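As a plain string of letters, each chain reads:
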Amino acid sequence: MTAAENKELAMKFFQEVFGDKKYDAVYTYLSEDFIHHNPDIIGRDGLREALDGPLNGFAKGPIDFRHVSADGDLVWLHTRLVLDGEAYAVVDILRFKDGKIVENWDLLQPITGKEKNPQAFF
């Protein structure tokens, strides 16, 4: 797949799973041997379980994509997400192989509204 196709697929995945809360879509987009580098989530089934648990509080609606970029098999998503009423700046890096997401790195930073830097996060 091209970088542009991977980028489009990454955005679809995020919208369906996190925005539309179609949690079983992880089985469509993620490979069986999916690796998640989050210390609390192990593999595809671990992400699916987390979506019914601690990640269930994502606000339903359109994903607020701030920046999206792709280079070969890697896609970067910079988003603003709301989890349990709290806003976060989030960066995800997804690696694709054969049309599936095979690896994910994520970083979340809370947006408190008390930031000194007016250009913080975005």
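Before any of the text, the structure's been laid out above.
None of these values were measured; they are calculated from a predicted model. (Residues numbered from 1 in each chain as written. Predicted model: local features only at pLDDT ≥ 70, side-chain atom pairs only at ≥ 80, totals over all residues. Heavy atoms only, no water.)

Draft legend 1. Quick peek at the overall build of the protein chain. When you go through the protein chain residue by residue, the secondary structure sums to three helices and five strands. In the protein chain, the succession of α and β elements from N to C terminus is α-α-β-α-β-β-β-β. Relative to the compact-globule value of 14 Å for 122 residues, the protein chain shows a C-alpha radius of gyration of 14 Å, a close match. Summarising its shape, the C-alpha atoms of the protein chain cover approximately 45 × 30 × 25 Å along the three principal directions. (Helix = DSSP H or I, 4+ residues; strand = E, 2+ residues; numbered from the N terminus. Rg over C-alpha atoms; globule rule 2.2 N^0.38 Å.)

Draft legend 2. Geometry of the sheet that holds strand E2 (residues 64-71). If you walk across this open sheet you meet the five strands as E1-E5-E4-E3-E2, and the pairing is mixed. Only two strands of the sheet have a single partner each, and these edge strands are strand E1 (30-36) and E2. Ignoring which end each strand starts from, the neighbouring axes of this sheet average 25° apart. Both strand E4 (residues 86-97) and strand E5 (residues 100-110) contribute to a ladder of 10 bridges, which runs antiparallel. Bridge pairing links Tyr88 to Pro110 in E5. Contacting E1, E2, strand E3 (74-83), E4 and E5, helix H1 (residues 3-19) crosses the sheet at an angle of about 20° to E3. (Pairing = 2+ DSSP bridges. Axes fitted to C-alpha atoms, helices over the stretch in contact; angles between N-to-C directions. Contact = heavy atoms within 4.5 Å.)

Draft legend 3. Main features of the pairing of E5. With three bridges connecting them, E1 and E5 associate as parallel partners. From the neighbouring strand, His36 faces E5, where its bridge partner is Asn104. Adjacent in sequence and paired antiparallel, E4 and E5 are bridged by two residues, among which Asp98 carries a positive phi angle near 55°.

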